[in-house]
Amino acid sequence: MATKARWLFVDDQSDEAVAIAARLSGSTAAIEIEYRTPLAFREEVLTQNKPIDGALLDVNLASIKGEHGTGPGIAQDIRIKQRSGNVREFPVVRFSSRDQIRRNIGGDPGSDDLFDLKISKEEAGRGDEASIVQCLLGLNELYSILGKIKLATESDVTRLLGLDDAQAESWSDWSLHSKIRVSAATADHVAAGVIMRDLLNQPGPLITEAILSYRLGVDRLKSAKVWDELLNHLDDVRFKGPAAKYFPRWWARGVDDWWLVTASDAQSLAFTNIAERTHRITKRYALKGLVPLTMPKGSAGQRPWSPCILSAEQDPPIHIPLDPDESVRFAPIQYIAPWIDPTFAALAPALQDKNNPRLNSMDLARLIKKHGI
Amino acid sequence: MTEQISFATDAAIIDRLGQELVAKQTTALVELIKNAFDADATEVSVVFNKGTPSSLEIRDNGTGMSRNQLLNNFMRLATSSKVDAPTSKKFRRSRAGRKGIGRFATQRLGTQLLLTTRTTSSGDALQLSIDWSKFEPGKDLDQIKAELESVPWAQKGSGTVLRIVNLRDLWTPSQLKSCWRSVLTLQQPFPVAPVIGESGKDPGFSVKFVVEGSSYHNEAEVIDLDSELFAHLHALIEMEVDSQGAARWRITKNKFGDSRPWRNINHNQPESARPTPYTYLRNAYLKAYYFILLPELLPSLIYSRIRGVLNEQGGIRLYRNGFRVPPYGEQDNDWLHLDAVYAKRAVLVPLANRNFFGVIEVRDVQGKLFNEHTSREGLIETLAFVELKDLASSVLITAATEIGADREKKVHAGRANPPKAVSTGFEKILENAKKVAAAAAKAAQDRDPRAASLAAEKALEVVGLAAEEVQKRQRDEEEAQNRMADEAAMLRFLATLGMTTAEFAHETGMTFNAFRLDFQTVFEVALKHNSDKGFATQAERARSMLDRLDSLTSYLNSLAAARAARGMRPVSLSKVVEEFSRGLQAQAASQSVQLTIETPNYDPLYTHPMHEAEIASVLLNFYTNAIKAMKRSSNERKILLVADAISKPRSGVRLRFSDSGDGVPAANRDRIFDAFFTTRVATPGRAADFEQAAGTGLGLWIVKQIADKAGGSVSLSTPPKGYSTCFELVLPAEDDHGD
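Residues numbered from 1 in each chain as written. Chains lettered and ligands numbered in written order. Predicted model: local features only at pLDDT ≥ 70, side-chain atom pairs only at ≥ 80, totals over all residues. Heavy atoms only, no water.

Across its full length, chain B holds 17 helices and 20 strands. Per-residue burial for chain B yields a buried fraction of 48% across its 739 residues. Residue pairs at least 24 apart in sequence account for 73% of intrachain contacts in chain B once pairs closer than 6 positions are excluded. As displayed, chain B has an accessible area near 36,400 Å², and 53% of this comes from carbon and sulfur atoms. (Helix = DSSP H or I, 4+ residues; strand = E, 2+ residues; numbered from the N terminus. Buried < 20%, exposed > 50% of the residue type's maximum accessible area, 1.4 Å probe, protein only. Contact = heavy atoms within 4.5 Å. Areas by Shrake-Rupley, 256 points an atom, 1.4 Å probe, with all protein chains shown as cover.)

Written out as structure tokens, the structure reads:
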């Protein structure tokens, strides 16, 4: 991007918002985030349609005298005006504290579709500024691409996602492609929302680097440089679609295919344990220093595949790999598309929160019996 | 051209130093009596004459004044004669006066002064006559003359008579009474500091009032302290600060438990077993008789008398070089903040001024540490005086708290099962009422007058018994209500504190976040322009402190979130312990403490339904105690939390919290869970509420309350190897029905 992306941050705590905006802006030369009161934002963007590259919206804006609106309320206004063409297309991100989310939204998915992305302010305070800015810039690139291309056919979507037809057939999902195409015909922000929420931001056809490391049975932090070397061998299955630079992802089924080539006579990746996974990989690519993942205390099994969503939802989040066979199904708050992976909770956190209605009671009973707890 | 000029003194200075400076007539009179003491008098008479003109005479048998002393000392303002000679010639008394203006108290009392004085070496007496009304504004002081002449001396030996005429006050009975009381308390009621020097030579000093020719004596004001008050004390609290500033205190004659031997103290180092001496404070002594004003703890015949005396005269008086310094310890003067602390219910043991009859004596002959205000009301707030107030307040609160712990234990030990007692009381009343009804019915039905009379007598007897039972029940009820009120007050206080903390944690959460971001930027920019290693270390340290603060705030926030779920439910002990470890790990590391936890791999260790925040509160209590204990020892600092399940004697979950601190002394093991038991020195009364709440000896008591209420237990158990203390908390496990 030739010029700096200009984002506006709407919050009711000006000092805090300005500090956060300054920090995020300072992490790269590619973005400038400015604070606005809700009133000023409405005037500048919704009334005057001045160009901006994105909006960060806090949920609760009640600290400002006379302000009765909310972040989701402003988001709704933006989306309606974008749909009617009265306001330019730009990404909208929910940016609030976990506590405010818990108090004002917790469990209600009603406003989810309004936002391309949801980031907690706490992440900004824990040294994740660079990754947050990467996400914002990624959204800018996604919107930019969607604004330039036409997605008339399923094949157009396949090309957009950086796949050929064969790869699309094996690794992606036609229902997803269809949804992207249809939403793009409605508005750019609707298509962007589908790509973000139903593809990039949830494990399914695409997985993150952390989940990739779980599936390969590798402790990526302890493996350091060897891990980067291993990633090079996985380049063919790396996501190369819109904003790929900002959202590093790998095609999950592509990784499965890669594994079958890597360990020619082995079972599929999901059925092998950590020791076998790392042994085969090390042997195939002659990698020295690849450290096998150690399943954390309380996460049963030896075939890690997914993250523990229950732990990830804690404040601060705890990232735990889990083996689905030894874990408890954990119902998502909102509807998830069929191509998205089911969500689980590791056994110990699930047992410690056994009355959580999102936990599958049959899985719990089965595992309690199995482990004699 | 340089000119030599000097101050001139307007005659109005006399009014400033007399009437305007000395607020109360009592203070003025006491000042003149002190002058007699300084002159080595052994007897002083204060003679009131309310005739016309009204007059007042202060007669003493002191050394008197020579002509030279009269001219150079008495007639010279602000003379330093007493500073230059801080002790009297004959009895070596530490002189009370220092400022050289005490004589103007006579101007406060009346418009004319007739001073007659004689030394042993002179024949006639000298008589000085001053008409204070001549000292009018606008005139130079030295232009107004007093008259001096020789007159015959009617008394034997030496002495001084001050005759003040045209009194400015009416000297009503209540003023007389107040003045009499001040004179009675002018000197210490009992010795406090150890007797030193040649004080044995001093035959003492007595003052008598004569009103309209008769000796004034107010029976109500005179109490025999030994027989009427001190014989019934509940404890004696003493404190000493030596000439090097080292302070110590003790409790003796404790009616509720063991005496406490001398213990060193510095209220600024509440946790320290070897506190350093005070920086400014020297030679101060406290002796306080402690009383708990409850009818059941004092003889019934004199309960009202003691309560009356202490309501009027209770408190801690201050004596400087043997003389009382008003207003400290006067009614409604709360200089040690005892009433304030008690009123706030920050400490729930009796420690208002009315619970003490005490004296603080400070020795400062040179007047370097403690100096009275020129108005003779109070001491100047020197650093030594500030230290004295805080130390004394701290000692009294600590002592009352320890006595409270002893008493609480006794109350618990002697208390039967309260619900049963209540039930028995009602049953008896009901039973007696039935008997009364039956006896009355019998009396009504009986045709034989004698039999009817007997039945009526029987009915009356039963009514009497029933009335007694009702009275007893009423007393029990009142006592129970008092206990409940104390507990409710404490719970209100703690709840407020808890809510404030939760609100604080919530409100500051995002501010910390934002602050961290700004700080990070400042840090990076500063590092770019400053390559100094020291600066980098400092910045890194600040960042790590911020991290610590952040993790603590997050933990408090999560507790506050748990508070939102008000209902009780089974709580996973494993989860609480793991969250505690995550929240406190950084804080522990900052204290060089290695915090280790051991929880089962999968067993969540569910308790019987309770509040999640209660277990967190138990852990925080154990933790803060452990940190203090480790700071007191030089052992390697480590804490171990082990959570597991037990099946015997019944199904339960257990937490063992061990630390490597200085351990719990054998003598304290039975008492640490009692309310108000603490080894920590209390904060002074003027401290803020949250400081008062710390170290009140309620922490482990609360832990015990939580354990008891949940049907579990808490105790000291054998620590694992390498640890010195182990608290074991056992809670009933959740049963099959989720209860």
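The interface is formed by 28 residues belonging to chain A together with 28 residues belonging to chain B. Taking both partners together, chain A and chain B bury about 2,400 Å²; carbon and sulfur atoms supply 52% of that area. Contact with chain B buries area across many residues of chain A, yet Arg23, Lys297 and Gln352 of chain A alone supply 29% of it, more than any other trio. On inspection of chain A and its partner chain B, the count reaches one salt bridge. A salt bridge links Glu734 of chain B to Lys354 of chain A; its shortest N-O distance comes to 2.6 Å. Scanning the region where chain A abuts chain B turns up seven residue pairs in polar contact (both at pLDDT 80 or more). Counting residues per element, the ones that place at least two in the side of chain A that touches chain B are helix H1 (14-26), helix H4 (98-104), helix H5 (121-125) and helix H16 (347-352) of chain A. Of the residues belonging to the side of chain A that touches chain B, the class tally is nine nonpolar, seven polar and 12 charged. (Buried area = accessible area lost by both parts, 1.4 Å probe. Salt bridge = Lys/Arg side-chain N within 4 Å of Asp/Glu carboxyl O. Polar contact = N/O pair within 3.5 Å; in protein donor to acceptor, adjacent residues only side chain to side chain. Nonpolar A, V, L, I, M, F, W, Y, C, P; charged D, E, K, R; others polar.)

We now examine the pairing of strand E15 (residues 356-362) of chain B. All names here are of chain B. Most of E15 is tucked away, with seven of its seven residues classed as buried. Residues of E15 alternate between two faces, with Phe356, Gly358, Ile360 and Val362 on one and Phe357, Val359 and Glu361 on the opposite face, all of them buried. Two strands pair when backbone bridges link them, and strand E12 (residues 284-290) and E15 are joined in this way by seven bridges, in the antiparallel orientation. Across the sheet, the residue bridging to Lys287 is Val359, located in E15. Alignment of strand E13 (residues 315-320) against E15, held across six bridges, turns out to be parallel. (Pairing = 2+ DSSP bridges.)

Looking now at the sheet that holds strand E4 (residues 92-96) of chain A. Residues and elements named next belong to chain A. With parallel pairing, the five strands of this open sheet are ordered in space as E2-E1-E3-E4-E5. This sheet does not close on itself; its edge strands, each paired only once, are strand E2 (31-36) and strand E5 (117-120). Taking each pair of neighbouring strands and ignoring which way they run, the sheet shows an average axis angle of 25°. Alignment of E4 against E5, held across four bridges, turns out to be parallel. By the bridge assignment, Ser96 is partnered in E5 with Ser120. Packing against the sheet, helix H3 (residues 71-83) makes contact with strand E1 (5-10), strand E3 (54-57) and E4, and its axis sits at approximately 155° to E3. (Axes fitted to C-alpha atoms, helices over the stretch in contact; angles between N-to-C directions.)

Bringing the side chain of Gln352 of chain A into the picture now. One can find Gln352 of chain A in helix H16. Judged by its relative accessible area of 11%, Gln352 of chain A falls in the buried class. Ignoring any residue separated from it by four or fewer positions in sequence, one finds Gln352 of chain A in contact with Ser572, Ser574, Lys575, Glu578, Pro604 and Tyr606 of chain B.

Take the pattern of salt bridges next. Taken as a whole, this structure holds 42 salt bridges over all chains when the rule is applied. The salt bridge partner of Asp58 of chain A is Lys121 of chain A, with a shortest N-O separation of 3.5 Å. Note that Asp58 of chain A is positioned in the loop between E3 and H3 and Lys121 of chain A in helix H5, a separation of 63 residues in sequence. Pair check on accessibility: Asp58 of chain A and Lys121 of chain A agree, each one buried. The partner of Arg248 of chain B in a salt bridge is Glu240 of chain B, and the shortest N-O contact between them spans 3.3 Å.

Residue and element names in this part refer to chain A. Interaxial distance between helix H13 (residues 252-262) and helix H14 (residues 274-285) falls to 10 Å at its minimum, and their mutual angle equals 65°. With respect to H14, the axis of H13 lies roughly perpendicular. Like other packed secondary-structure pairs, H13 and H14 cross with a definite hand, here left-handed. Contact residues: H13 offers Trp258, Trp259, Val261 and Thr262, while H14 offers Glu276, Arg277, Arg280, Ile281, Arg284 and Tyr285. Split into classes, the residues belonging to the contact of H13 with H14 amount to five nonpolar, one polar and four charged. (Parallel < 35°, antiparallel > 145°, perpendicular 65-115°, else oblique. Left-handed = near helix turned anticlockwise from the far one by under 90°.)

Let us look at the packing of aromatic side chains. In the structure shown here, the tally under the stated rule is 24 aromatic pairs over all chains. Ring centres of Phe239 of chain A and Trp251 of chain A lie 5.8 Å apart, and the angle between their planes is 70°; this geometry places the pair in the edge-to-face category. Within this pair, whereas Phe239 of chain A is found in the loop between helix H12 (220-233) and strand E7 (250-251), its partner Trp251 of chain A is found in strand E7, the two being separated by 12 residues in sequence. Each member of the pair, Phe239 of chain A as well as Trp251 of chain A, carries the same accessibility label: buried. Geometrically, the ring pair formed by Phe370 of chain B and Phe385 of chain B is edge-to-face, given 6.5 Å between the ring centres and 90° between the ring planes. Taken as a pair, Phe370 of chain B in the loop between E15 and helix H10 (383-414) and Phe385 of chain B in helix H10 lie far apart in primary sequence, 15 residues in all. Taken as a pair, Phe370 of chain B and Phe385 of chain B share a single burial class, namely buried. In textbook terms, an aromatic cluster arises when at least three aromatic residues are bridged by ring pairs, as seen for Phe48, Trp171, Trp180 and Phe209 of chain B. Above the plane of the ring of Trp262 of chain B lies Arg248 of chain B, whose end atom (NZ or CZ) is 4.1 Å from the centre. A cation sits over an aromatic face here: Lys638 of chain B above Tyr723 of chain B, 4.8 Å from the ring centre. (Phe/Tyr/Trp six-rings, centres within 6.5 Å; stacked < 30°, edge-to-face > 60°. Lys NZ or Arg CZ within 6 Å of the ring centre and 35° of its normal.)

All names here are of chain A. Contact pair helix H2 (residues 38-47) / H3: the axes reach a minimum separation of 12 Å and the direction vectors enclose 5°. In terms of orientation, H2 and H3 fall into the roughly parallel class. The residues of H3 that touch H2, namely those facing Pro38, Phe41, Arg42 and Leu46, are Ile74, Asp77, Ile78 and Lys81. Residue composition of the contact of H2 with H3, by class: five nonpolar, no polar and three charged.

Residue and element names in this part refer to chain B. Confidence in the prediction of chain B, expressed as mean pLDDT, is 81, and 87% of residues score 70 or more. Ignoring residues within four places in sequence, the model shows residues 409-423, a span with pLDDT below 50, making five contacts including any to other chains. Across the predicted assembly, pTM comes out at 0.60 and ipTM at 0.78. (pLDDT = per-residue confidence, 0-100.)

This brings us to the nonpolar core. Ranked by size, the top nonpolar core spans 77 residues in total, and within it Leu216, Leu230 and Leu234 of chain A carry the most contacts. When neighbours within four sequence positions are excluded, Leu234 of chain A is seen to be in contact with Leu212, Leu216, Trp250, Val255 and Trp258 of chain A. By size, the runner-up hydrophobic cluster in this structure holds 48 residues, among which are Ala36, Leu56, Ala96 and Leu186 of chain B. (Core = buried A, V, L, I, M, F, W, Y, C linked by side-chain atoms within 4.5 Å.)

Attention shifts here to a nonpolar patch on the surface. On the surface, Leu71, Met75 and Leu148 of chain B cluster together into a nonpolar patch covering about 230 Å² of accessible area. If you trace the backbone, Leu148 of chain B turns up in strand E5 (residues 147-151). (Patch = residues over 30% accessible without salt bridge, like charges linked within 9 Å, V, L, I, M, F, W, Y side chains within 5 Å.)

What follows is about helix H14 (residues 573-590) of chain B. All names here are of chain B. Taking 1.5 Å of rise per residue, the 18 residues of H14 would be expected to cover 26 Å, and the 25 Å separating its terminal C-alpha atoms lies within 8% of that figure. At Leu584, H14 shows its maximal kink, close to 50°. Residue Ser592 follows H14 closely and has a positive phi angle near 60°. (Expected span 1.5 Å × (residues − 1). Bend = angle between axes of the 7 residues up to and from the residue.)

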